[in-house]
Amino acid sequence: QVVLVHDMIQERFTQFYNDPMDAVAREQKRRSIQSAAVIVCNSETTRREVENYYGKLEQPQHVIYPAHSQSFRRLSDPFSMANLIDEQFLLFIGNRVHYKNFALLLQAYAGWEKHQQVRLLVVGKPWQPEERRQLEELGIAERVQQIENVDDDVLCQFYNRAAALVYPSLAEGFGIPLLEAMACGCPLVASRIPSTLEVVGDLAFYFEPSNVAELRAALDAALSHGKDPARLAAAEQRAAQFSWERSAGEMLAVYREAQALQRRVMLP
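What counts, and where the lines are drawn
- Residues numbered from 1 in each chain as written.
- Predicted model: local features only at pLDDT ≥ 70, side-chain atom pairs only at ≥ 80, totals over all residues.
- Heavy atoms only, no water.
- 1 Å grid on protein atoms, 1.4 Å probe; cavity = no way out; pocket = protein on both sides within 12 Å on 5 of 7 lines; lining within 4 Å.
- Points joined across faces, edges and corners; volume = space filled by probe spheres on them.
- Helix = DSSP H or I, 4+ residues; strand = E, 2+ residues; numbered from the N terminus.
- Nonpolar A, V, L, I, M, F, W, Y, C, P; charged D, E, K, R; others polar.
- Core = buried A, V, L, I, M, F, W, Y, C linked by side-chain atoms within 4.5 Å.
- Buried < 20%, exposed > 50% of the residue type's maximum accessible area, 1.4 Å probe, protein only.
- Contact = heavy atoms within 4.5 Å.
- Pairing = 2+ DSSP bridges.
- Axes fitted to C-alpha atoms, helices over the stretch in contact; angles between N-to-C directions.

Below, the discussion takes up empty space enclosed by the protein. Here the structure, examined in full by the defined rule, presents two cavities of 30 Å³ or more. Taken as a whole, the largest cavity spans an internal volume of roughly 70 Å³. Along its surface, the largest cavity is lined by 14 residues, and Arg 12, Thr 45, Glu 49, Ala 171 and Glu 172 are the ones closest to its centre. Only α1 (9-12), α3 (44-54) and α8 (194-200) provide two or more residues apiece to the lining of the largest cavity. Among the elements that take part in the lining of the largest cavity, α3 stands out by supplying three residues, more than any other. When its residues are assigned to classes, the lining of the largest cavity shows six nonpolar, four polar and four charged. Each pocket or cavity is described by its volume, and for the second largest cavity that value is around 50 Å³. Met 182, Cys 186, Pro 187, Leu 188, Leu 203, Phe 205, Gly 226, Arg 231, Leu 232 and Ala 235 are the residues that line the second largest cavity. Take the lining of the second largest cavity: its biggest share by element is three residues, from helix α10 (residues 229-240).

Listed below in structure tokens is the structure:
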């Protein structure tokens, strides 16, 4: 079998994934990886973490990068659905569970001197009760807007209009939203973690993932310099280097490799 590993989040953050079924999932994952004929990882970061947790593996290992939909691109007039927000805004997209570090973003945003001029738009599931409490306690409930059920066309408009995508994760396997944002000309404010450095290089405004003051400084830098034409062009070119067509071709080659291995095993 060929096993594709997306990340080692559950292994790294056992304090968050401490249900008995989480332990079962980790064991199933370990068995799958260790018994695979070929292992594929979605980044060099993930490949190194697999090795960190399971030791040196004898099977062939490959890194095959994901890509992003061609729906995400720079628009000449991104102002239909995006006109619902009539002021400058930061963008946060997707899951907000523990390792996504969303609580730190709220803390940083609440103390950021520009939060009265720059709204925070959160695209994802409805607020959880504890998130509502944090918004109220920080006094930013009126400045943070949550929206769900957004399709790619609308999301593309948000990327095109946003002052920056904020990506504060403690860890990731890859980070497809980073590619989407770069393809749309959206500046990046991101935690300095291995996977993001691998995907984005020096094209994000970085902060240490536990440092509120650094996040605020990164937000300031993005507002001042994020829309620099040369920087946006370099980011767009970097996003274009990732292709689903190439990923599919590399994955097909992996299956052919596994098939060849199987034939050799079956030879008398």
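The structure having been displayed, the exposition proceeds.
Before going further, it helps to examine the nonpolar core. Formed by 35 residues in total, the largest nonpolar core has its most connected members in Leu 91, Leu 121, Phe 158, Tyr 159, Leu 165, Leu 188 and Val 200. Elements with a contribution of two residues or more to this core: β4 (89-93), β5 (119-123), α6 (152-161), β7 (164-167), α7 (176-183), β8 (188-191), α8 and α10. The residues contacting Leu 91, other than those within four sequence positions of it, are Leu 121, Val 123, Phe 158, Tyr 159, Ala 162, Ala 164, Leu 165 and Val 166.

This part takes up the layout of surface pockets. A volume near 340 Å³ is recorded for the largest pocket. In this structure, the largest pocket is lined by 17 residues; those nearest its centre are Asn 95, Arg 96, Val 97, Gln 128 and Glu 131. In the lining of the largest pocket, the residues fall into six nonpolar, seven polar and four charged. Counted as a void, the second largest pocket has a volume near 230 Å³. Lining the second largest pocket are 14 residues, with Ile 93, Gly 94, Asn 95, Lys 100 and Pro 177 sitting closest to its centre.

With parallel pairing, the six strands of this open sheet are ordered in space as β6-β5-β4-β7-β8-β9. Each having just a single partner strand, β6 (144-147) and β9 (205-207) make up the two edges of the open sheet. Ignoring strand direction, the axes of neighbouring strands in this sheet form an average angle of 25°. Where β8 meets β9, three bridges bridge the pair, whose relative direction is parallel. Each residue of the ladder has a partner; that of Ser 191, found in β9, is Phe 207. The strands that helix α4 (residues 102-110) touches are β4, β5, β6, β7 and β9; relative to β5, the one it contacts most, it runs at about 165°. Each of β4, β7, β8 and β9 is contacted by helix α9 (residues 212-225), which is oriented at about 175° to β9, the strand it contacts most.

Turning our attention to α6. Across the 10 residues that make up α6, a large majority, eight, are buried. Each element contacted by the buried residues of α6 is listed here: β4, β5, β6, β7 and α7.

These figures capture arrangement, not role.
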